[in-house]
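Below are the chains, spelled out letter by letter.
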Amino acid sequence: MPEYKQTYDANRVITAADGSMRIFNRIVARFTKLGISLMGSRVLSVRGRKTGDWRSTPVNLLVLDGQRYLVAPRGHTQWVKNLRASNEGRLQLGRKIETFRAEEVPNADKLPVLRLYLKKWAWEVGTFFSGDVTKNSPEETLLHIAPGVPVFKIHAV
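For clarity, every value in this text was computed on a predicted model and none was experimentally measured. (Residues numbered from 1 in each chain as written. Predicted model: local features only at pLDDT ≥ 70, side-chain atom pairs only at ≥ 80, totals over all residues. Heavy atoms only, no water.)

Q: Pulling in residues and values, what's your account of the sheet that holds strand S4 (residues 88–93)?
A: Taken in spatial order, the six strands close into a barrel running S1-S2-S3-S6-S5-S4, and their pairing is antiparallel. With direction set aside, neighbouring strand axes in the sheet form an average angle of 45°. Alignment of strand S2 (residues 54–64) against strand S3 (residues 67–71), held across four bridges, turns out to be antiparallel. Paired with Leu62 across the two strands is Tyr69, which belongs to S3. The strands touched by helix H2 (residues 78–86) are strand S1 (41–47), S2, S3, S4, strand S5 (96–104) and strand S6 (151–156); relative to S1, the strand with the most contacts, the crossing angle is about 60°. Strands S2, S3 and S6 of the sheet are contacted by helix H3 (residues 111–125), whose axis makes an angle of about 115° with S2. (Pairing = 2+ DSSP bridges. Helix = DSSP H or I, 4+ residues; strand = E, 2+ residues; numbered from the N terminus. Axes fitted to C-alpha atoms, helices over the stretch in contact; angles between N-to-C directions. Contact = heavy atoms within 4.5 Å.)

Q: Please give an account of the environment of Ala146 that cites residues and values.
A: Inspection of the secondary structure assignment puts Ala146 in the loop between helix H4 (139–145) and S6. Between the C-alpha atom of Ala146 and that of Arg26, which follows or precedes it by 120 residues, the distance is 27 Å. If near-sequence neighbours (up to four positions away) are discounted, Ala146 is found in contact with Asn107, Lys110 and Leu114.

Q: Which residues make up the packing of aromatic side chains, and what values go with them?
A: What the rule picks out here adds up to three aromatic pairs. We note Arg90 situated over the ring of Trp54; from NZ or CZ to the ring centre the distance is 3.6 Å. (Phe/Tyr/Trp six-rings, centres within 6.5 Å; stacked < 30°, edge-to-face > 60°. Lys NZ or Arg CZ within 6 Å of the ring centre and 35° of its normal.)

Q: Now, about the pairing of S1: what can you tell me, with residues and values included?
A: The buried count for S1 comes to five of seven residues, which makes it a mostly enclosed element. As judged from the seven bridges shared by S1 and S2, these two strands associate in the antiparallel manner. Paired with Leu44 across the bridge in S2 is Thr57. The antiparallel pairing of S1 with S2 creates a hairpin that spans six residues between the two strands, and Gly52 there sits at a positive phi of about 80°. (Buried < 20%, exposed > 50% of the residue type's maximum accessible area, 1.4 Å probe, protein only.)

Q: Provide a residue-level description of unusual backbone geometry, including the pertinent values.
A: A positive phi angle, close to 50°, is found at Asp65, a residue other than glycine. Among the secondary structure elements, Asp65 is positioned in the loop between S2 and S3. For Asp65, a relative accessible area of 78% puts it in the exposed group. Despite not being glycine, Asn87 shows a phi value in the positive range, around 60°. Locating Asn87 in the fold gives a position in the loop between H2 and S4.

Q: Describe in detail the pairing of S3, supporting the description with residues and values.
A: The side chains of a regular strand alternate between the sheet's two faces. Within S3, four of the five residues are buried, which leaves it mostly tucked inside the rest of the structure. Following S2, the chain reverses through two residues before pairing antiparallel with S3; Asp65 in that reversal takes a positive phi of roughly 50°. Direction of pairing for S3 relative to S6: antiparallel, over a ladder of four bridges. Looking at the pairing, Val71 lines up with Val151 of S6.

Q: Quick rundown of the pattern of salt bridges? Include the residues and the values.
A: In the structure shown here, the tally under the stated rule is two salt bridges. For Arg68, the salt bridge goes to Glu98, with nearest N and O atoms at 2.5 Å. Linking Arg68 in strand S3 with Glu98 in strand S5, this pair joins segments that are 30 residues apart in sequence. One exposure class covers both Arg68 and Glu98, and it is buried. The closest approach of N and O atoms between Arg84 and Glu104, which form a salt bridge, is 2.9 Å. Pair noted here: Arg84 is in helix H2 and Glu104 is in strand S5, with a separation of 20 residues, a long-range link. (Salt bridge = Lys/Arg side-chain N within 4 Å of Asp/Glu carboxyl O.)

Here is the structure:
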């Protein structure tokens, strides 16, 4: 079994400590709120599980076989925990705001989603995997990282 630079479990969280990443996220969110999607970007809003206040972050909306998914390349972040608690949120692109219900995808079913996500956005999110995984990684590797990369199937309401 290969050695990994990260631990891919339910405790994996990669924070946006890098100032350039925070600036990038703000720019993507601003464009998305103006209605300009950068390769599928949306602004995700989820109610905080403790405060009930809406919390927002830019995300990449992935479409696979007509089904939509949200992938958390940084792991079990606050938006992931909030979405698990509420099972619902909003996706915004410009003035269009869509309410949705979320269903977490089991680890064994994440493989095609993770592979396509990495093919589309490795240039953006590859750094969150420390070189442990690429779009061409074998299924064994994707199965290994699946517990540390939450995936949600999105259903319109």
